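# Reading the structure
Each chain is listed here by its residues.
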Amino acid sequence: MNRHIPFKTADILIPKTCDMSKWSVVACDQYTSEPEYWNAVTEFVGDAPSTLKITLPEIYLEEPDVDNRVCAINKTMADYLSEEFFSEVKDSFILLKRNLADGNTRLGIIGVVDLEKYDYLPQSTAEIRATEGTVLERIPPRVRIRKDAPLELPHIMLLIDDPNKTVIEPLAEKSAALEKVYDFTLMQNSGSVEGFRVCGDDAAALTDALAVIADNFEKANNGASLLFAVGDGNHSLATAKTCFENLKSSASEEVWKNHPARYALVEVVNLHDSSLDFEPIHRVLFDVDSDFISALKANFSGAVGGKKIEYNTQEECGEIDTGIGSTGLVVDAVQKFVDKYISEHGCRVDYVHGDEVTRSLGRSSGNASILLPKLDKSELFPSIAANGVFPRKTFSMGHACDKRFYLECRKIK
């Protein structure tokens, strides 16, 4: 294949000898309202080497000692490197098998993406794009953490649209013949994980398969180019992009073109992996006026033949036909209505997972809830190509305990 694919092998760092169950910690953007989770992790890790000590859980991001925490992270990274704590898996992908707590297995490929080919802006036409709106205010605090760090650890998950399972799954079928680089149980009842080195002809075959699905997508979507959509960790990828753009502004082209910070370590997962479940994120409004449902119905008055939304209040429950065929556009229409209603009436909104809890909250006095339709996987890529990113809080991809754990590292300095 002659087509350039913005995903390639990397020199990946794995601890040589340590308790891997203490080393590997869930993504920093999880359990942000549950200090007891992070307290339990801290107690479990103790003095052992751990990614907990070289990442910053977002629950602490606004703490007054955050600068001291960042300095400690950078020092620990430097110590691990100087102590030759890592072994290097050179010029390779890593095939990851994540055995989830519910018994399902999620497959992924670890490698690096070219940040030159990523753009998080809403109407981007880049090959690597966000799925939901990026909150620009969230980037600077994360740049402060990454800008001086000698290492990166990914919790970024990129999705590919591969319904015929031609890219990752063939490697999984031959994993017994691949070199195993790790195999251990994850902490906090989060299942287990195995990793296998992919290099040489196997790596080339994977890249060729990616080129085929990229070509097929363009043919099916009027020439639109979209190979990777960010499933998790978009603000981390946006942070890596910002740091790279800062480097470009101060370095010569010869330097930045070949600099390790041009790339970001990620996990690529097939959108059609059977373990991936896309759950809608519903809206619950508090302290609403009695006219809320009337206003909601009026917003979609006369609409027919589209996806339906469910509403609940203490007095009334029912469905409304939005007349809209795309889940993303339904969420966009509902969010615009909610934002306008809040600006005029002063109530507040929360974004809630789970149908029953949303119904229950909506039926409480003074509340109202809107249950949004579930996203069909087949909608994701064509919708982004045609309409841009989805509105904020459109869907959630799995439970917190199933999110990516920090494990592999890469030098970025």
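Quick note: structure is the one above.
So, how was this worked out
- Residues numbered from 1 in each chain as written.
- Predicted model: local features only at pLDDT ≥ 70, side-chain atom pairs only at ≥ 80, totals over all residues.
- Heavy atoms only, no water.
- Phe/Tyr/Trp six-rings, centres within 6.5 Å; stacked < 30°, edge-to-face > 60°.
- Buried < 20%, exposed > 50% of the residue type's maximum accessible area, 1.4 Å probe, protein only.
- Lys NZ or Arg CZ within 6 Å of the ring centre and 35° of its normal.
- Helix = DSSP H or I, 4+ residues; strand = E, 2+ residues; numbered from the N terminus.
- Contact = heavy atoms within 4.5 Å.
- Pairing = 2+ DSSP bridges.
- Disulfide = S-S within 2.5 Å.

## What about the packing of aromatic side chains?
One pass over the structure, following the stated rule, counts 19 aromatic pairs. On the numbers, 3.7 Å between centres and 10 degrees between planes, the contact of Y31 with Y37 is stacked. Across this residue pair, the class does not change: Y31 and Y37 are buried. A centroid spacing of 6.1 Å and a plane angle of 55 degrees characterise the contact between Y118 and Y120, whose relative ring orientation is tilted. By the ring-pair criterion, three or more aromatic residues cluster together here, those being W23, Y80, F85 and F86. A cation over a ring is seen here: R69 above Y60, with NZ or CZ 4.2 Å from the ring centre. Over the ring of F286 we find R348; its NZ or CZ atom is 4.2 Å from the centre of that ring.

## A short note on the environment of F7
Relative to the helices and strands, F7 resides in strand 1 (residues 7-8). Distance in space between the C-alpha atoms of F7 and F93 is 9.8 Å, their sequence separation being 86 residues. Aside from chain neighbours lying at most four places away, what touches F7 is F93, I109, I110, G111, V112, V113, L206, L210, F228, V266 and V268.

## A short note on the pairing of strand 18 (residues 367-371)
In terms of burial, strand 18 is largely enclosed, as 5 of its 5 residues are buried. Judged by which residues are buried, strand 18 turns out to be covered on both faces: N367, S369 and L371 on one side and A368 and I370 on the other are all buried. Here strand 14 (residues 278-286) pairs with strand 18 via 4 bridges, running antiparallel. Bridge assignment links L285 to a residue of strand 18, and that residue is A368. As defined by bridge partners, strand 15 (residues 308-313) adjoins strand 18 across 4 bridges and the pair is classed as antiparallel. In the sheet register, N312 faces strand 18, and the bridge partner there is S369.

## Looking at the state of the cysteines
Enumeration over the complete set of coordinates arrives at 0 disulfides. Summary of cysteine pairing: C71 is not part of a disulfide, and the nearest cysteine sulfur, belonging to C243, is at 16 Å. Given a relative accessible area of 53%, C71 falls into the exposed group. For the unlinked cysteine C347, the closest cysteine sulfur is that of C317, found at 18 Å. Looking at C347, the relative accessible area reads 5%, which means it is buried.

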